[in-house]
Amino acid sequence: MAVTGAILVLFLIGHMLGNLKVFAGADSFNHYAEWLRTVGSPALPNRTALTIAEIVLGISVLLHMWAAVSLARRAAKARPVKYAAKRKSQASGYATHTMRYGGVIIALFVIWHLLDMTFGAVNPKGGDATPYDRMIAGFQPDRWWVALFYLVAMAMVGLHLRHGMWSAFQTLGLTRRPNVRRGLQTGAAVVSAALVLGFVAAPFCILIGVVK
Ligand code: HEM
């Protein structure tokens, strides 16, 4: 769970930073998208590194979901009788629900997102437009509901990440000392919030017409 989670967090940080290039203009953003496809060229054929990254990412997502299901099954088996009293902790009801349903929403978002930004199937500009044009067209005011879906999905990503990082720290036994625990709790919240704000910035600024 933690290893695949860490791979996905690294991808998200890179992806968020890359998205911010939209503020530097069409050339900068498209140039970055082109670079993603030509990393290692001419030694490697185009898309080699990108395809490897896509395979690692795809396998990580599948293993992450598989680990989540098998851990939930193991937990249910270890404790077939429900707790009589609910304990208010990070590991109880609220977080479990956020992780489970949040994870499903994020998975649905990724499917829509790939159809929208990568393949252009549900994007007004279609698959032949430049990545910048697809991005701008994707969040125009008449498609406010798409922007809203992205915003909700990013909130889910933030909550998922905050709890996921926290769980990983706990698994590693880093949360026993109170001052370290507080530091890690704050760290997980700050990294998640920075990621969400960084992701939300582009759709929001396109929606209100600041980025055209
Ligand atoms: C507001 C948030 C986001 C925006 C505006 C955004 C934008 C984009 C754009 C423009 C592309 C296409 C890049 C290109 O064609 O070169 C892309 C690809 C992608 N995005 Fe996002 N993204 C966002 C959030 C996310 C999140 C949260 C995830 C994962 C949970 C994600 C996963 C992906 C994946 C897997 C790809 C395909 C990468 C590939 O081509 O192999 N994105 N995104």
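Residues numbered from 1 in each chain as written. Predicted model: local features only at pLDDT ≥ 70, side-chain atom pairs only at ≥ 80, totals over all residues. Heavy atoms only, no water.

(A) How the structure looks around the coordination of the iron atom of the ligand. Donor atoms from the polypeptide that bind the iron atom of the ligand are His15 (NE2) and His113 (NE2), placed at 1.9 to 2.0 Å. The site at the iron atom of the ligand holds six donor atoms, and with the angles between them running 85 to 179°, its shape is octahedral. Remark: histidine 113 occurs in helix α4 (residues 93-118) and histidine 15 occurs in helix α1 (residues 2-19); sequence separation between them is 98 residues. (Donors = N, O, S within 2.8 Å, 3.2 Å for Na, K, Ca; no water. Tetrahedral: all angles 85-135°; square planar, octahedral: opposite > 155°, others 65-115°. Helix = DSSP H or I, 4+ residues; strand = E, 2+ residues; numbered from the N terminus.)

(B) Here's a closer look at the site of the ligand. Near the ligand you find 21 residues, and of these His15, Arg37, Glu54, His113 and Phe199 are the closest. Contact distances for the ligand include 2.4 Å between an oxygen atom and a side-chain N or O atom of glutamate 54. Here a nitrogen atom of the ligand and a side-chain polar atom of histidine 113 are 2.6 Å apart. At the level of elements, α1, α2 (26-38), α4, α5 (131-138), α6 (144-171) and α7 (178-207) are the ones that each hand at least two residues to the shell around the ligand. Of all the elements, α4 adds the most residues to the shell around the ligand, at six residues. Its residues assigned to classes, the shell around the ligand shows 14 nonpolar, four polar and three charged. (Near = heavy atom within 4 Å. Polar contact = N/O pair within 3.5 Å; in protein donor to acceptor, adjacent residues only side chain to side chain. Nonpolar A, V, L, I, M, F, W, Y, C, P; charged D, E, K, R; others polar.)

(C) Summary view of the confidence of the model for the protein. When pLDDT is averaged along the protein, the result is 92, and 96% of the positions lie at 70 or above. Of all helices and strands in the protein, the one with the weakest mean pLDDT is α4 (90), whereas α5 scores best (97). (pLDDT = per-residue confidence, 0-100.)

(D) Region of interest: the environment of glycine 187. Mapping glycine 187 onto the fold places it in helix α7. For the pair glycine 187 and methionine 165, spaced 22 residues apart in the sequence, the C-alpha separation amounts to 9.2 Å.

(E) Representation of the nonpolar core. With 32 residues, the main nonpolar core has Met135, Phe139, Met154 and Leu195 as its most contacted residues. Elements that contribute at least two residues to this core include exactly α1, α4, α5, α6 and α7. Not counting the four nearest positions on each side in its chain, phenylalanine 139 is found in contact with Met117, Val146, Ala147, Tyr150, Pro203, Ile206 and Leu207. (Core = buried A, V, L, I, M, F, W, Y, C linked by side-chain atoms within 4.5 Å. Buried < 20%, exposed > 50% of the residue type's maximum accessible area, 1.4 Å probe, protein only. Contact = heavy atoms within 4.5 Å.)

(F) Layout of α6. Taking 1.5 Å of rise per residue, the 28 residues of α6 would be expected to cover 40 Å, and the 40 Å separating its terminal C-alpha atoms lies within 8% of that figure. Directly after α6, the chain includes glycine 173, whose backbone phi takes a positive value near 75°. (Expected span 1.5 Å × (residues − 1).)

(G) Representation of the pattern of salt bridges in the model. As enumerated under the stated definition, the model contains two salt bridges in all. With a shortest N-O distance of 3.7 Å, arginine 143 and aspartate 116 are connected by a salt bridge. Remark: aspartate 116 occurs in helix α4 and arginine 143 occurs in the loop between α5 and α6; sequence separation between them is 27 residues. By relative accessible area, which is 10% here, arginine 143 ends up buried. You can call aspartate 116 buried: its relative accessible area is 0%. (Salt bridge = Lys/Arg side-chain N within 4 Å of Asp/Glu carboxyl O.)

(H) View of the environment of threonine 98. If you trace the backbone, threonine 98 turns up in helix α4. In this structure, the C-alpha to C-alpha distance between threonine 98 and methionine 65, residues 33 residues apart in sequence, is 14 Å. Non-local contacts of threonine 98, meaning those with residues more than four positions away in its chain, are made with Gly103, Leu159 and His160.

(I) Geometry of unusual backbone geometry. Residue proline 42 follows serine 41 across a cis peptide bond; omega there is 5°. Residue position: proline 42 is located in the loop between α2 and α3 (48-78). If you check the backbone angles, arginine 47 has positive phi at about 70° while not being a glycine.

(J) Here's a closer look at α3. For α3, which comprises 31 residues, the first-to-last C-alpha distance of 44 Å matches the rise-based estimate of 45 Å (1.5 Å per residue) to within 8%. For α3, the set of buried residues is Leu50, Ser60, His64 and Ala67. Lining the buried residues of α3 we find α1, α2 and α6.

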